[in-house]
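Examining the three-dimensional arrangement
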Amino acid sequence: MESEYSAPRFSNRFDTVILVRTAPDELAGESVPEEITSRHGTAPLSVFLHGNGVAWARPEYAPAWQELAGEGGPVLQVCQAAWRRRFGDQQPVLFALSSLIQFWHQAAKARQLVSLRGSCSAVENCGFVMEIETAPDGFSQRELLEMALAAASLELDLIVVFAGPGLDQILGQSAVGWRQLVDHELAPIYWLGDKALARELMPGAVWLDPAARDKRYADRRVLKLRV
Amino acid sequence: MNSFFFAGRDHALDQHGHLQNAGEWSKELGLALALADGISLNEEHWWVIEFVRQHHQTYGTPPLMRVLIKALREYRDQQDLGSRELYRLFPDNPVRQACKYGGLPPPDWCI
């Protein structure tokens, strides 16, 4: 119904979907491919590059992914919109152009959803929490909103929770895009922090009592986004 | 660069046929752009275009299809309306085409 991106292109069911939003130059020499190999072994994986993480699909990083990219290795995908915003018509190397819709299709079926430099949780057949603890600049900020909108377009059971530095995203003019989630009942927005901030934050965002957090998160895969 | 000649002057278009300069948009220009694509805009089309423009102005993005469908159902008071109705009006891609004839840039996201 939605668009050219709606139909699942990768029909495999993955054990784990790994989201990478951190650029190579933000990792102080750490290697994402090595980390994936050591942490996830041979289980069927999908690696999805998004935000500044799409830079991993540039040619200079291909040697690092080469070993993983062989037969039986993870399916390597890069968000098409995030890639084109940064690198125009260049072609990614070893990574297939994909979409946020594909990401959520796969995440909804996977046993485990991992955000590299964030954290993960593993619960099958349930909803999602996007817990956002970052307020990046430029494209990356908008791409977090797009990630939530993509989930909403698939009518996934999603809640969005802002915390820490992420609260800046629902402050003043920054909140403009996020308001559509609440106004159109696409996904509820909660926030964690000092209750006294309520008057400054986006109308419709609901303060989440830390004591009630576990209950609210129950049976959901929690995607902590720190970049 | 593509351009579209209307009302005695050229209007620059992007590679997708959307106006480069949103400030040049008018209803008359939107009508002419649609006609060039073989679509004669009527009241139903304009309701969708205005909704998409309003959404873009309010939230900085075009609406999701599910939002547009829900709004159309409420507007027409027909709960059984689906995406087919929107594709009847805008056969290629309802949101994208409404942006085009409404003077907005094409959605650049992958949703």
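The rules behind the values
- Residues numbered from 1 in each chain as written.
- Chains lettered and ligands numbered in written order.
- Predicted model: local features only at pLDDT ≥ 70, side-chain atom pairs only at ≥ 80, totals over all residues.
- Helix = DSSP H or I, 4+ residues; strand = E, 2+ residues; numbered from the N terminus.
- Buried ≥ 20, exposed ≤ 12 C-beta atoms within 10 Å, placed from the backbone.
- Contact = placed C-beta atoms within 7 Å.
- Pairing = 2+ DSSP bridges.
- Domains from an automatic or database assignment.
- pLDDT = per-residue confidence, 0-100.
- Nonpolar A, V, L, I, M, F, W, Y, C, P; charged D, E, K, R; others polar.
- Core = buried A, V, L, I, M, F, W, Y, C linked by C-beta atoms within 7 Å.
- Expected span 1.5 Å × (residues − 1).
- Axes fitted to C-alpha atoms, helices over the stretch in contact; angles between N-to-C directions.
- Left-handed = near helix turned anticlockwise from the far one by under 90°.

**Quick look at the overall build of chain A**
Along chain A, the regular secondary structure elements total seven helices and eleven strands. Put simply, chain A has 227 residues, and 44% of those count as buried. Taking the contacts inside chain A whose residues are at least 6 apart along the sequence as the reference set, 76% of them involve residues at least 24 apart.

**Points about the sheet that holds strand β7 (residues 127-132) of chain A**
Residue and element names in this part refer to chain A. In space, the five strands of this open sheet follow the order β10-β9-β8-β7-β11, with parallel pairing throughout. Edge positions in the open sheet fall to β10 (206-207) and β11 (220-225), since each of these has one partner strand only. Judged from the five bridges that link them, β7 and strand β8 (residues 158-163) form a sheet pairing that is parallel. Bridge pairing in β8 links valine 129 to isoleucine 159.

**So, the domain arrangement of chain A**
Residue and element names in this part refer to chain A. Splitting chain A by domain gives domain 1 (1-116) and domain 2 (118-227). Of note, the centres of domain 1 and domain 2, computed from C-alpha atoms alone, are 22 Å apart. Contact with domain 1, which involves 19 residues of that partner, is made by 20 residues of domain 2. Only α3 (80-87), α4 (100-109) and β5 (112-115) provide two or more residues apiece to the side of domain 1 that touches domain 2.

**Topic: the confidence of the model for chain A**
Predicted confidence across chain A gives a mean pLDDT of 88, with 90% of residues reaching 70 or more. At the low end of the mean pLDDT range in chain A sits strand β6 (residues 120-121) of chain A, at 54; at the high end sits helix α6 (residues 179-183) of chain A, at 98.

**Overview of the interface of chain A and chain B**
Taken residue by residue, the interface counts 21 residues in chain A and 13 residues in chain B. Counting residues per element, the ones that place at least two in the side of chain A that touches chain B are α3, α4, α5 (138-153) and α6 of chain A. A per-class count over the side of chain A that touches chain B returns ten nonpolar, seven polar and four charged.

**Focus: the environment of glycine 60 of chain B**
Among the secondary structure elements, glycine 60 of chain B is positioned in the loop between α2 (43-59) and α3 (65-76). Note on glycine 60 of chain B: 14 C-beta atoms within 10 Å, which makes it partly exposed. Sequence separation of glycine 60 of chain B and lysine 27 of chain B is 33 residues, and the distance between their C-alpha atoms is 21 Å. Those residues within four positions of glycine 60 of chain B in sequence are excluded, and the remaining contacts are Val176 and Gly177 of chain A.

**Brief notes about the pairing of strand β2 (residues 45-49) of chain A**
Regular strands place their side chains on alternate faces of the sheet. Residues and elements named next belong to chain A. The buried fraction of β2 amounts to five of the five residues, a majority that puts the element mostly inside the structure. Neither face of β2 is left uncovered, since the one carrying Leu45, Val47 and Leu49 and the one carrying Ser46 and Phe48 both have all their residues buried. One ladder, built from four bridges, connects β2 with strand β3 (residues 75-79); its direction is parallel. Its bridge partner lying in β3, serine 46 is registered against valine 75.

**As for the pairing of strand β1 (residues 2-6) of chain B**
Residues and elements named next belong to chain B. Sheet topology note: the β1/strand β2 (residues 9-13) ladder contains five bridges and is antiparallel. Residue pairing in the sheet places asparagine 2 in a bridge with leucine 13 of β2. Linking two consecutive strands that pair antiparallel, namely β1 and β2, is a turn of two residues; a positive phi of about 50 degrees is found at alanine 7 within it.

**Side note on the nonpolar core**
Residues and elements named next belong to chain A. Ranked by internal contacts, the top residues of the largest apolar core, which has 87 residues, are Ile18, Cys79, Met130, Ala148, Val160 and Ile170. Among the elements that make up this core, the one with the highest residue count is α5 (eight residues). Counting contributing residues per domain, this core is built from domain 1 (1-116) and domain 2 (118-227), each supplying no fewer than three. Residues within four places of valine 160 in sequence aside, it is in contact with Met130, Ile132, Ala148, Leu181, Ala187 and Ile189.

**A word on α5 of chain A**
Residues and elements named next belong to chain A. For α5, which comprises 16 residues, the first-to-last C-alpha distance of 23 Å matches the rise-based estimate of 22 Å (1.5 Å per residue) to within 8%. The buried fraction of α5 is high, at twelve of 16 residues. The positive-phi residue at the C-terminal boundary of α5 is glutamate 155, with phi of around 60 degrees.

**Things to note about the environment of alanine 36 of chain B**
All names here are of chain B. Relative to the assigned elements, alanine 36 resides in helix α1 (residues 27-36). With 11 C-beta atoms packed within 10 Å, alanine 36 lands in the exposed category. Separated by 32 residues in the primary sequence, alanine 36 and phenylalanine 4 place their C-alpha atoms 9.5 Å from one another.

**Description of the packing of α4 of chain A against α5 of chain A**
When two helices pack together, their arrangement is given by the angle between the helix axes and by the axis-to-axis distance. Residue and element names in this part refer to chain A. Packing of α4 against α5 leaves a shortest axis separation of 9 Å and a crossing angle of 60 degrees. Crossing geometry of α4 relative to α5 is assigned as right-handed. Facing Leu100, Ile101 and Trp104 of α4, the residues of α5 in contact are Glu146, Met147, Ala150, Ala151 and Ser153. Residues of the contact of α4 with α5, tallied by class, amount to six nonpolar, one polar and one charged.

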